[in-house]
Amino acid sequence: MQYDYIIVGAGSAGCVLADRLSASGQHRVLLLEAGGSDWHPFIHMPAGLAKLVSNQSINWNYNTEPEPNLNNRRLYWPRGKVLGGSSSINAMCYIRGQRADYDAWAAAGNPGWSFAEVLPLFRRSEANTRGTDALHGDAGPLSVDDLKHTNPLSHAFVDAAQQAGYPRNEDFNGAEQAGFGFYQVTQRNGQRWSTAAGYLKRAKERANFTLMTGAQVLRIRFDHDRAVGLDVRIGKHIERFETSGEILLSGGAINSPQLLMLSGIGPADHLRHHGIGVRMDLPGVGANLHDHLDICVLQRCTQKITYDHPNDAAVALKYLFTRSGLGTSNVAEAGGFAVSRHASDGRPDLQFHFVPAMLDDHGRNRLPGYGFTMHGCALRPKSRGHLELASSDPLAKPRIYANYLSEPEDLKLLVECVRISRDIFAQPALVPFAGDEYLPGKDVNSTPEIESFIRRKAETIYHPVGTCKMGQDASAVVDAQLRVRGIDGLRVIDASIMPTLVSGNTNAPTVMIAEKASDLILNQYLRAAA
Ligand SMILES: Cc1cc2nc3c(=O)[nH]c(=O)nc-3n(C[C@H](O)[C@H](O)[C@H](O)COP(=O)(O)OP(=O)(O)OC[C@H]3O[C@@H](n4cnc5c(N)ncnc54)[C@H](O)[C@@H]3O)c2cc1C
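What you see is a predicted model, and the numbers here were worked out from it, not measured in a lab. (Residues numbered from 1 in each chain as written. Predicted model: local features only at pLDDT ≥ 70, side-chain atom pairs only at ≥ 80, totals over all residues. Heavy atoms only, no water.)

Participant: Which residues make up unusual backbone geometry, and what values do they have?
Facilitator: In the segment running from Leu 439 into Pro 440, the intervening peptide bond is cis, with an omega of 0°. At Met 92, a position not held by glycine, the phi torsion is positive, near 70°. Here Met 92 shows up in the loop between β4 (76-77) and α4 (99-107). With phi around 70°, Leu 482 is a residue other than glycine that occupies positive phi space. (Helix = DSSP H or I, 4+ residues; strand = E, 2+ residues; numbered from the N terminus.)

Dropping the structure here:
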C-alpha cells in the first residue's frame with residue numbers, strides 16, 4: 001500500500017497531523033504508533049494521572065544516565081507510549097509560553113515562527129470554554145477548560161501568593177504571564193482532552209486515513225537522499241511501508257533523534273562507532289537536549305483535606321456517575337510565574353505548580369500523613385545535554401545525558417524557587433493549614449545547604465526538547481519548514497524541534513508546531529500541484 005504521508009508516533013504532534021492531513025480526503029495518510037489504544041480509564045479520568053506515571057504498559061519509562069551535578073542520580077523520565085502519547089499521561093496544564101520565546105525562534109533564523117505568526121495557530125487549535133478573543137479560540141479541536149474541582153488548599157495557596165506580593169493572574173496565556181492563579185486544563189466536561197481525543201478521533205472517521213497501533217518504527221529506508229519507506233515491527237514481524245510523499249517523524253524528543261540515528265542521520269563518528277552507515281552527518285541530532293528541572297518544597301498539613309489518601313473507590317464512582325469531584329482534578333491545580341531577582345529583562349523566569357498532596361519522586365514514593373507541595377523550575381535553563389544510541393539495536397533505549405545544572409545560573413534560580421516557595425507557604429492564608437516543613441526541612445537554610453538539597457532531590461518536570469533543533473546553523477537538524485537538512489521527503493514535527501524551551505509547559509506549543517507543519521506540508525503540495 002502506498003501512502004502520501006506516513007506519520008511516526010500518535011502523540012501530541014502526530015495526532016494533529018493525522019487530522020489535518022487527512023481532512024481534505026485527497027491524501028492517503030498512515031499513522032504508526034508503537035503503543036496501544038488509550039482504553040485505560042485512568043487516562044480519561046484526570047486524577048488518574050497519579051497512577052499513570054509509572055504504568056509500564058503505556059509509558060516508555062526512560063531514565064537518564066547518572067547526572068554528575070545531581071549526585072550521580074539517574075532521573076526518571078516518563079513518556080507516553082499510547083494513542084495521544086504524552087498528552088495522554090500529562091498533567092493537562094494549558095500553557096503557551098511567552099511572546100518573546102517565539103520571537104527569539106524567529107530571530108534565530110526561523111522565518112514564520114514569531115509570536116504574531118504562531119498566535120493564529122494557537123487560536124485555531126483551541127476550544128476555550130471561556131470563549132474567544134484576540135488571544136484565544138473557541139472552535140478548535142483542543143478543548144481548554146477551567147477545573148471543575150479544586151481543593152481549598154489551592155485557593156489558600158493563591159491567596160498566600162498575593163499576600164507575598166505577587167499579582168493574581170486569571171489567565172497565564174493572556175496579555176501577562178506573571179502572577180499566580182489556577183491553571184486552565186486540556187479537559188472537556190471533566191475528562192482529559194488528549195490530542196487523541198481532540199484530533200485523532202476525527203481522522204479515524206475518514207476512509208483515507210489508516211491507524212496502526214503496536215507498530216514500532218525501527219528504521220527509515222532511503223532511495224539515495226530521499227526517504228521512501230519504513231521498517232516497522234508489528235508483533236514479531238517486520239513489515240515495510242512505502243510512501244511516494246513524505247515521512248513525518250513525531251516520536252517525541254527522545255525517540256525522533258534516536259530513529260534518525262538508527263537510520264544513519266546524526267553525528268558521523270557516533271554512528272560509525274555503532275556500525276551504522278552514515279547517510280547524512282548531522283552533529284545536532286540528539287544534541288541541544290534541555291529540560292525543566294524541578295525542585296519541590298513539601299509542607300505538612302494540619303488538616304486532612306489533602307489528596308494524599310483519597311478513597312479511590314468513592315472518587316471513581318462519583319466521577320463515573322457525575323463527572324465531578326476529585327476525579328476531575330489535574331492535581332497540579334494552581335501555580336504561577338515569577339520574575340526572579342536574577343532576571344535582567346523583567347520576564348518571568350520561574351514557574352510554580354502547587355499540589356495539595358505530598359509529592360515525592362513523581363508520586364512513586366507515597367509518604368505517610370498529609371501535606372502540600374510546591375514545584376519550582378527555571379523557565380529558560382542554560383544547561384545543555386545530549387542523547388546517544390546505546391547500540392544499533394532499535395529496541396535498546398537510548399542513553400540520556402541531561403547534564404542538568406552544568407551552568408551555575410540554573411542552580412541559582414532553583415535556590416530562588418525554594419526561597420519563594422517557603423515565603424508563600426509562610427503567608428497568613430496558609431497558616432491555618434501549615435504544619436512543619438517536611439522537605440527540605442527546617443535545618444536547611446544557607447545557600448550551600450539548599451544547593452545540596454537540590455542536588456539530592458531535583459527531578460524533571462517532563463519537558464525535554466531541542467534534540468532535532470530547527471535553525472540554520474551547523475547544529476540545526478531541520479529548517480524552518482521542519483525538513484531534515486540534506487534529505488528529501490523527511491520532516492521532524494514534535495517537541496524535539498524547539499531550538500529553545502518555551503517559558504512554560506510544552507504540550508500546547510507542540511500542538512501549535514504540528515498545526516503549523518500541516519500548513520507547511522499542504523501548502524507545499526498545493527504549490528507542486530499548481
Ligand atoms: C508526566 C508528564 C506530565 C506532563 N505535564 C504537562 C502539562 O501539564 N502540560 C503540558 O503542556 N505539558 C506537559 N507535559 C509535556 C507534554 O505532554 C509533552 O511535551 C508533549 O506531549 C510532547 O509531545 P510530542 O508529540 O513531542 O511527543 P509525545 O506526545 O511523547 O508523542 C510521541 C509518540 O510517538 C510514539 N513513538 C515514539 N517512537 C516511536 C516509534 N519508533 N514508532 C512508532 N511510534 C513511536 C510514542 O509512543 C508516542 O505516542 C508532560 C509530560 C509528561 C510525560
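Participant: Quick rundown of the domain arrangement of the protein? Include the residues and the values.
Facilitator: Parsing the protein into structural domains produces domain 1 (1-48 + 77-143 + 185-288 + 464-530) and domain 2 (148-182 + 293-378 + 405-457). On a C-alpha basis, the centroid separation for the pair domain 1 and domain 2 is 31 Å. Overall, the association of domain 1 and domain 2 removes approximately 1800 Å² of surface from exposure, summing both partners, and the carbon and sulfur fraction of that is 48%. By the criterion of area lost to domain 2, the three top residues of domain 1 are Met 45, Ala 47 and Gln 98, representing 26% of everything that side buries. In this assembly, domain 1 and domain 2 are joined by 1 salt bridge. Here Arg 347 makes a salt bridge to Asp 101, at a shortest N to O gap of 2.8 Å. In this structure, the connection of domain 1 to domain 2 is made through 17 residue pairs in polar contact (both at pLDDT 80 or more). In terms of residue class, the side of domain 1 that touches domain 2 is built from 11 nonpolar, 11 polar and 3 charged. (Domains from an automatic or database assignment. Buried area = accessible area lost by both parts, 1.4 Å probe. Salt bridge = Lys/Arg side-chain N within 4 Å of Asp/Glu carboxyl O. Polar contact = N/O pair within 3.5 Å; in protein donor to acceptor, adjacent residues only side chain to side chain. Nonpolar A, V, L, I, M, F, W, Y, C, P; charged D, E, K, R; others polar.)

Participant: Describe the site of the ligand, with residues and values.
Facilitator: In the region of the ligand, 38 residues are neighbours, and Ser 12, Glu 33, Ser 86, Thr 506 and Asn 507 sit closest. At a separation of 2.6 Å, an oxygen atom of the ligand approaches a polar side-chain atom of Glu 33. Contacts to the ligand include Val 217, whose backbone N or O atom sits 2.9 Å from a nitrogen atom. Among the secondary structure elements, those contributing two or more residues to the shell around the ligand are α1 (12-22), β11 (215-223), α8 (252-262) and α13 (507-529). (Near = heavy atom within 4 Å.)

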